[in-house]
Amino acid sequence: MKFLFIVQGEGRGHMTQAISMSQMLGDLGHDVSAVCIGKSKRREIPEFVTKNIKAPICLFESPNFVTDKTQKSINLSKTIWQNLLKTKTFNKSLKQIDQLVKKHQPDVILNFYDILGGIYNAFYRPDCQFWVIGHQYLIQHPDFPFAPGQPVQKLLFKINTHITSLRADLLLALSFRPMPEHQIHNLHVLPPLLRKEVRNLNTTQGDFFLAYMVNPGYVEEVISEAKNNPEIQIEAFWDKKDEPIFQKPLPNLTIHMVDDELFLEKMATCRGLLSTAGFESVCEAMYLGKQVLMVPVKGQYEQACNAIDAQISGVGTIGNKFDISKLADALGSAEAQKEMNREWVDSFKTRFAHVSNKSFKKEYEANTFSPEISKGSKPVNPSFS
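Starting from 1, residues in each chain are numbered consecutively following that chain's sequence as written. Thresholds applied to this predicted model are a pLDDT of at least 70 for local features of residues and 80 or more for the giving and counting of side-chain atom pairs; totals over whole chains, interfaces and linings are not thresholded and use all residues. The basis for every side-chain value is the complete set of heavy atoms in the structure, and neither hydrogens nor water enter the calculation.

Some thoughts on the pattern of salt bridges
Line of reasoning, step 1. Note on definitions: salt bridges are taken to be side-chain nitrogens of Lys or Arg within 4 Å of carboxyl oxygens of Asp or Glu. Counting across every chain of the model gives nine salt bridges.
Line of reasoning, step 2. Between Lys 196 and Asp 27 there is a salt bridge, with its nearest N and O atoms 3.2 Å apart. Taken as a pair, Lys 196 in helix H7 (residues 196-199) and Asp 27 in helix H1 (residues 13-27) lie far apart in primary sequence, 169 residues in all.
Line of reasoning, step 3. Between Arg 195 and Asp 260 there is a salt bridge, with the nearest N and O atoms lying 2.1 Å from each other. With Arg 195 in the loop between strand S7 (187-190) and H7 and Asp 260 in helix H9 (residues 260-269), this pair connects stretches of sequence that are 65 residues apart. Considered together, Arg 195 and Asp 260 belong to a single accessibility category, that of buried residues. Helix and strand definitions follow DSSP, with helices as H or I runs of at least four residues and strands as E runs of at least two, each counted in order from the N terminus. A simple rule labels every residue: compare its accessible area, found with a 1.4 Å probe on the protein chains alone, to the largest value its type can have, and call it buried under 20%, exposed over 50%, or partly exposed in between.

As for the sheet that holds strand S5 (residues 129-134)
Line of reasoning, step 1. If DSSP finds at least two bridges between two strands, the strands pair. A sheet is described by the order of its strands in space; here seven strands give the open sequence S3-S2-S1-S4-S5-S6-S7, paired in parallel fashion. The outermost strands of the open sheet, each flanked by one partner alone, are strand S3 (57-61) and S7. Taken pair by pair, the neighbouring strands of this sheet meet at an average axis angle of 20°, ignoring direction.
Line of reasoning, step 2. With four bridges connecting them, S5 and strand S6 (residues 170-174) associate as parallel partners. Among the inter-strand pairings, Val 132 is bridged to a residue of S6, identified as Leu 171.
Line of reasoning, step 3. Packing against the sheet, H1 makes contact with strand S1 (2-7), strand S2 (31-39), strand S4 (108-112), S5 and S6, and its axis sits at approximately 170° to S1. Note on geometry: axes are lines fitted to C-alpha atoms, helical ones only across the stretch in contact, with angles between N-to-C directions running from 0 to 180 degrees. Contact definition: two residues touch when any of their heavy atoms are within 4.5 Å.

So, in structure tokens, the structure goes:
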């Protein structure tokens, strides 16, 4: 089978998921023919992405969040307004994606939560299946824990998630934990999608705390924590453009440009993780038995939901700022359920194979017995086992 990925380029989570999926599909004998990644002026596509994805990578302009002046919180009104002003640019991106789809003729387009991916599928109607994957699609499950309050942000989050999955054949919802059965026919709850590199790590308890800052404004909080706790070592990572690969503003604080191999090494040996509430980093820490203090990005309702869901799952503690003492108080609780978490995560390939086979079997039977095969149907019967 041939896959084409469309990947949101905000943060590192969706890109690392794309790496994980490409590895797994390769193990199963399938092909990723192209990877389209949404880019932003304020971020670089990390080197680990180009290094680990073997398929051709195509960058395209895609909607992105706009931060406030402190580069910490999300400014929703500016985000909406500035993206609306770029409609012509995004139309060019849709045409760019369509050219790649026509060139590679995939059996499946797999969208990693990019809004243009859903719009493309709705308006261009490609002759293949369209699947979406991400923790965000768990909002369709009746037991998903929405963050209280913020009704406007909640509505916008639901609308954005719906747009990314317009006319989707499968909603692959990644979850910290198994969820009860439900009645939504195309929603499938799957474990976190982690890379081989994470699953092969040997964990130890080091003498430092790890910090990951999705927005560069959080560096002030990290520096403050390092000043107030000179006896504690902190290793921090960010992806701010035009910064040196390595800098040491304080004797007990080192700040690295995002380097995924180094980040995972530090994750495996840290005492605990201070991070914004991105799904992927929290899942990596969960698998390695590391406690996380999660600081949801203000204005990003999705992260508020992530934090609540992770706390219910017992893999993290919610904070309103990067706070070493609060994380230190919670140390040890994640290690206790590490094996149970690993068993859930390690079942991804089997569960994904079952869902994939079921989807194509349904299409195959419809094409075989239907007197008229529609333009968008492919009479195939692949195996993902």
